[in-house]
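Per-entry structural report
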Amino acid sequence: MPSTTNHWSLPYPQADQRRHEVALTHAVQRVFASGSYILGAEVEAFETEFAAFLGCGQVVGAASGTDAIELILRALDIGAGSKVAVPSFAPSAVAAGVARSGAKPEFVDIEPGTFTLCPEALDDLLRSFRGRGVKATVVVHLYGHPADWESLQRVADEHGIELLEDCAQAHGAIWHGRRVGTLGRAAAFSFYPTKNLAALGDAGAVATNDAALAERLRVIRQYGWKQRYVSEQAGVNSRLDELQAAVLRVKLGALNESVLQRRRLAAQYDARFAASRVVTAPKVRGGCEHAYHQYVVRCERRDALMQHLQQSGIPVAALYPVPLHRQRAYGNGEELLLESDRAAAAVLSLPMHPYLSEEAMGAVFEAMERFEP
Ligand SMILES: Cc1ncc(COP(=O)(O)O)c(C=O)c1O
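No experiment lies behind these values; they were computed from the predicted model shown. (Residues numbered from 1 in each chain as written. Predicted model: local features only at pLDDT ≥ 70, side-chain atom pairs only at ≥ 80, totals over all residues.)

1. Some points on the overall build of the protein chain
How we decide: Here a helix means four or more residues in a row that DSSP labels H or I, a strand means two or more in a row labelled E, and each is numbered from the N terminus. Comment: burial labels come from other C-beta atoms within 10 Å of the residue's own C-beta, placed from the backbone, where a count of 20 or more is buried, 12 or fewer is exposed, and between is partly exposed. A pair of residues counts as a contact when their C-beta atoms, built from backbone coordinates, are separated by no more than 7 Å.
Helix and strand content of the protein chain: 13 helices and 14 strands. Considered along the principal axes of its C-alpha atoms, the protein chain spans approximately 65 × 55 × 35 Å. When each of the 373 residues of the protein chain is scored for burial, the buried share is 48%. For the protein chain, the share of sequence-separated contacts (at least 6 apart) that also reach a separation of at least 24 residues comes to 69%.

2. What about the pairing of strand 3 (residues 104-108)?
Selection rule: We treat two strands as partners when DSSP finds at least two bridges between them. Orient the strands so they point away from the viewer; a crossover is then right-handed if the path from the first strand over the helix to the second runs clockwise.
The element strand 3 is largely enclosed, with a buried count of four among its five residues. As paired elements, strand 2 (residues 83-87) and strand 3 share five bridges and run parallel to each other. Residue pairing for strand 3: Lys-83 is matched across the bridge by Lys-104. Considered for its hand, the β-α-β crossover made up of strand 2, helix 5 (residues 92-101) and strand 3 is right-handed.

3. Comments concerning the confidence of the model for the protein chain
Cut-off, in case you're wondering: How sure the predictor is of each residue is captured by pLDDT, a score from 0 to 100.
Looking at the protein chain as a whole, its pLDDT mean stands at 96, while 98% of the residues score no less than 70. Every residue in residues 1-5 scores below 50 in pLDDT, and together they form 10 contacts with partners more than four places removed in sequence or on other chains.

4. Topic: the packing of helix 6 (residues 119-127) against helix 7 (residues 149-159)
Definition in use: Think of each axis as a best-fit line through the C-alpha atoms, taken over the contacting stretch in the case of a helix, with angles from 0 to 180 degrees between the N-to-C directions. These descriptions rest on fixed angle ranges, namely under 35 degrees for roughly parallel, over 145 for roughly antiparallel, 65 to 115 for roughly perpendicular, and the rest for oblique. Working rule for handedness: look at the near helix, and if it is turned counterclockwise from the far one by less than a right angle, call the crossing left-handed; if clockwise, right-handed. Each residue gets one of three labels, nonpolar for Ala, Val, Leu, Ile, Met, Phe, Trp, Tyr, Cys and Pro, charged for Asp, Glu, Lys and Arg, and polar for the others, Gly among them.
Direction vectors running N to C along helix 6 and helix 7 enclose 15 degrees, while the axes themselves pass 9 Å from each other. Taken together, the axes of helix 6 and helix 7 lie roughly parallel to each other. In this structure, the crossing between helix 6 and helix 7 has a hand that is right-handed. Residues Pro-119, Leu-122, Asp-123 and Leu-126 of helix 6 pack against Ser-151, Leu-152, Val-155 and His-159 of helix 7. Tallied by class, the residues present in the contact of helix 6 with helix 7 amount to five nonpolar, two polar and one charged.

5. Regarding the sheet that holds strand 7 (residues 178-179)
Here we have three strands laid out as an open sheet, ordered 7-6-12, and antiparallel in their pairing. In the strand order of this sheet, the two ends are held by strand 7 and strand 12 (288-289), each with one partner. Where strand 6 (residues 174-175) meets strand 12, two bridges bridge the pair, whose relative direction is antiparallel. By the bridge assignment, Ile-174 is partnered in strand 12 with Glu-289.

6. Observations regarding helix 3 (residues 41-54)
Let me state the cut-off plainly: Given a helix with a known number of residues, its expected span is that number minus one, times 1.5 Å. Starting at the helix axis, one direction is taken to each C-beta atom, and the arc is that of these directions.
Between its first and last C-alpha, helix 3 extends 20 Å over 14 residues, near the 20 Å set by a 1.5 Å rise per residue. Among all positions in helix 3, only Glu-42, Val-43, Phe-46, Glu-47, Phe-50, Ala-51 and Leu-54 are buried. Buried positions in helix 3, seen along its axis, are confined to an arc of 160 degrees and lie on one side of it. Next to the buried residues of helix 3 lie helix 2 (21-34), strand 1 (58-62), strand 7, strand 9 (204-208) and helix 9 (242-252). With its phi angle positive at about 85 degrees, Gly-55 sits one or two positions after the end of helix 3.

7. Regarding the environment of Val-278
With respect to the helices and strands, the residue Val-278 is situated in the loop between helix 10 (255-273) and strand 12. Between the C-alpha atom of Val-278 and that of Arg-74, which follows or precedes it by 204 residues, the distance is 45 Å.

8. Notes on the pairing of strand 1
Extensive coverage of strand 1 is indicated by the burial of five of its five residues. Along strand 1, one buried face is formed by Gln-58, Val-60 and Ala-62 and the opposite face, lined by Val-59 and Gly-61, is buried too. Here strand 1 runs beside strand 9; their pairing, made up of five bridges, is antiparallel. Looking at the pairing, Val-59 lines up with Ala-207 of strand 9.

9. What to know about unusual backbone geometry
Between Leu-319 and the following residue, Tyr-320, the backbone shows a cis peptide bond with an omega angle of 20 degrees. Summarising the element assignment, Tyr-320 is placed in the loop between helix 11 (302-311) and helix 12 (338-346). One non-glycine residue with positive phi stands out, namely Tyr-143, at about 65 degrees. Topologically, Tyr-143 is positioned in the loop between strand 4 (134-140) and helix 7. At Tyr-223, a residue that is not glycine, the phi angle is positive and equals roughly 60 degrees. Relative to the assigned elements, Tyr-223 resides in the loop between helix 8 (211-220) and strand 10 (225-227).

Below you can see the structure in the form of structure tokens.
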């Protein structure tokens with residue numbers, strides 16, 4: 001008899017809220033009483049506390065991770081007439097953020113082992129006709145695994161382009177002793193309710209060590225105002241609200257421990273799949289610490305395995321099923337991006353969050369064992 005779904009009755013966002021219920025209630029009441037609901041003391045405190053967590057100079061709150069990408073590009077004057085290189089194997093939000101700035105996303109292939117941007121592929125793009133006009137690259141630390149920053153930096157320096165981070169899935173990941181979000185000129189974060197650091201709605205931020213850039217971001221996120229009601233330049237409305245900031249301050253205090261728990265669960269999966277003929281466990285690059293926003297295996301019979309696990313009551317997903325260069329909004333699939341195509345056909349996200357019970361992990365293992373290779 002397949003496992004029942006009762007191990008999964010509390011998905012991550014609710015489990016996270018329940019874990020922090022008392023502190024969240026106090027935080028929300030504090031905001032109610034404050035009379036300040038947008039860009040107030042809670043946002044300022046969260047920006048300071050998250051900057052301290054990351055070890056960077058400045059954090060600027062925004063309304064979402066997609067907005068954070070757009071804000072960075074606008075603040076760097078990258079927009080219409082420019083191109084921005086992004087990995088094709090990534091969520092469409094990355095391309096959406098770039099497109100909202102006015103720039104054109106130009107797609108690059110990934111490394112097969114870590115699913116992150118391939119430095120050689122970036123170099124090839126920048127030497128090609130298609131790469132003309134590329135001003136920046138958004139490097140996605142996909143699933144919580146740091147990209148090959150050193151090699152990417154070398155390529156970016158050689159071609160004189162900006163290297164930006166997308167850390168929407170990588171809160172708590174470490175690259176050679178440094179937290180991701182501190183590696184490039186600026187980094188975008190999302191705090192969507194399923195993320196490692198999760199708000200109770202949409203929220204995002206930019207991290208940077210560049211104080212002048214942070215100042216431009218603060219101006220652009222609020223109508224281009226330097227002085228209230230007077231726009232110095234074109235801007236947008238992308239503000240972090242006080243309720244979300246207060247929620248994030250509560251959750252931030254538990255981020256280290258929750259990422260450690262994700263790593264412990266990942267180690268259990270890794271041990272179980274080390275000799276598997278069905279799936280390949282995710283690779284971790286030397287010097288890096290994965291944040292396991294997702295635990296993603298590769299499987300040549302992915303669709304059959306996914307169906308089997310779903311029929312067994314295990315919540316699994318194929319993230320991401322269609323590479324961006326094949327999505328009608330952004331491309332027509334004419335680029336040859338083989339690793340992105342292969343990954344889209346083979347990846348499977350297994351259950352992963354810090355509140356997974358032993359029974360839930362056991363149910364996954366048991367269902368995996370019943371799958372015939
Ligand atoms: C890698 C990546 N970049 C950007 C985003 C966009 O974040 P948001 O949903 O907060 O706009 C997401 C999340 O959906 C993401 O996973």
